[in-house]
Amino acid sequence: MIRCLKIKNYYLLLFILFFLSSPKKIIAQDAYFVPKGNVGFHRGGLYTDLQIGYTITDNKNTFMKTFDNIKMVSIGIESNYFFKNDFRMTPKITLEYHKNFLIWAIQTRLYPAKNMDFKQASIQVCPQIGISAFALGHLSFGYSFGLNNRDITQDLGFQVNLGFNLITDDW
């Protein structure tokens, strides 16, 4: 029952982060709050996530209304569906840098042990590189490894990530 309540709270947080936040220009001339989503897979299973990011750009192509040279930090919630009939929700922090058609990113997650036990958690780090479509979408490839408690998830190994950023000047 407690696990069910925790999962409902996570979904409520996801709803607030993603659907109630739209891309908004904030204090700096070219700084935005941006909702973003990712799907992907790793050795252990599949994952999806929703995040809200703080984005700064110093280069905007006004002719095509696209962005380039993007720096972003985002926080959110990731849902993991492991192949062993295991489901885990994890907090996630991502740092991204989009330049031309490349993306460099580092994802950090806190994987709980089974039954959503965060006292026995594993910190996972995944450096990535890939291709970017003007920071609106990207396909990246990385390697996820644990910094502690590796017996909880082992190293998740190679990871493929497809992400979307809802960054625009028109909203």
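In every chain, residue numbers begin from 1 and rise along the written sequence. It should be noted that, the model being predicted, local features are given only for residues of pLDDT at least 70 and side-chain atom pairs only at 80 or more, the latter also being counted only at that level, while totals for whole chains, interfaces and linings use all residues. Heavy atoms from the whole structure form the basis of all side-chain values; hydrogens and water molecules are not counted.

Draft legend 1. Looking closely at the overall build of the chain. We count a stretch as a helix when DSSP gives it H or I for four or more residues in a row; a strand needs E for two or more, and each element gets its number in order from the N terminus. Within the chain, the regular secondary structure consists of two helices and nine strands. Going from N to C terminus, the chain has its helices and strands arranged as α-β-β-β-β-β-β-β-β-α-β. Here the contacts in the chain between residues at least 6 apart in sequence split such that 52% fall between residues at least 24 apart. To measure how exposed things are, a 1.4 Å probe is used in the Shrake-Rupley method; for residues, cover is taken only from the protein chains shown. Accessible surface, the chain: about 9,300 Å² in total, of which carbon and sulfur atoms supply 69%. In what follows, residue pairs with any heavy atoms lying within 4.5 Å of each other are defined as contacts.

Draft legend 2. Looking closely at the side chain of Ser140. For Ser140, the position within the fold is in strand 8 (residues 137-146). Exposure remark for Ser140: the relative accessible area of 3% places this residue in the buried category. Filtering out sequence-adjacent residues up to four positions away, Ser140 remains in contact with Ile103, Gln128, Ile129, Gly130, Gln159, Val160 and Asn161. The buried label applies to any residue whose accessible area, calculated with a 1.4 Å probe on protein chains only, is under 20% of its type's maximum; exposed applies above 50%, and partly exposed to all values in between.

Draft legend 3. Fine view of the packing of aromatic side chains. Planes of paired rings set the category: under 30 degrees apart is stacked, over 60 is edge-to-face and the rest tilted, where pairs are Phe, Tyr or Trp rings (Trp by its six-membered ring) whose centres lie within 6.5 Å. Under the criterion given, the structure shown has five aromatic pairs. For the ring pair Tyr143 and Phe158, a centre distance of 5.0 Å and an interplane angle of 75 degrees mean the geometry is edge-to-face. A residue pair is termed long-range when its members are at least 10 positions apart, and Tyr143 in strand 8 and Phe158 in strand 9 (residues 157-165) qualify at 15 residues. Under the relative-accessibility criterion, Tyr143 is labelled partly exposed at 34%. Classification of Phe158 by relative accessible area gives exposed; the value is 52%. Pairwise contacts between aromatic rings join Phe141, Tyr143 and Phe158 into one cluster. For a ring to carry a charge above it, either NZ of a lysine or CZ of an arginine must fall within 6 Å of the ring centroid while also lying within 35 degrees of the normal to the ring plane. The aromatic ring of Tyr47 is capped on one face by Arg109, whose charged end is 5.4 Å from the ring centroid.

Draft legend 4. Fine view of the confidence of the model for the chain. Taken as a whole, the chain shows an average pLDDT of 76; of its residues, 70% reach a score of 70 or greater. pLDDT is a per-residue confidence score from the predictor, ranging from 0 to 100. Taken together, the stretch residues 1-5 has pLDDT below 50 and engages in three contacts with residues farther than four places along the chain or on a different chain. Within the model, the stretch residues 22-28 combines pLDDT values under 50 with 19 contacts to residues more than four positions away or in other chains.

Draft legend 5. Structural context of the pairing of strand 9. Only strands joined by at least two bridges in the DSSP assignment are considered to pair. Both strand 2 (residues 31-42) and strand 9 contribute to a ladder of seven bridges, which runs antiparallel. Each bridged residue has a counterpart across the sheet, and for Gly37 the counterpart in strand 9 is Phe164. Alignment of strand 8 against strand 9, held across eight bridges, turns out to be antiparallel. Bridging from a neighbouring strand, Gly137 pairs with Phe164 of strand 9.

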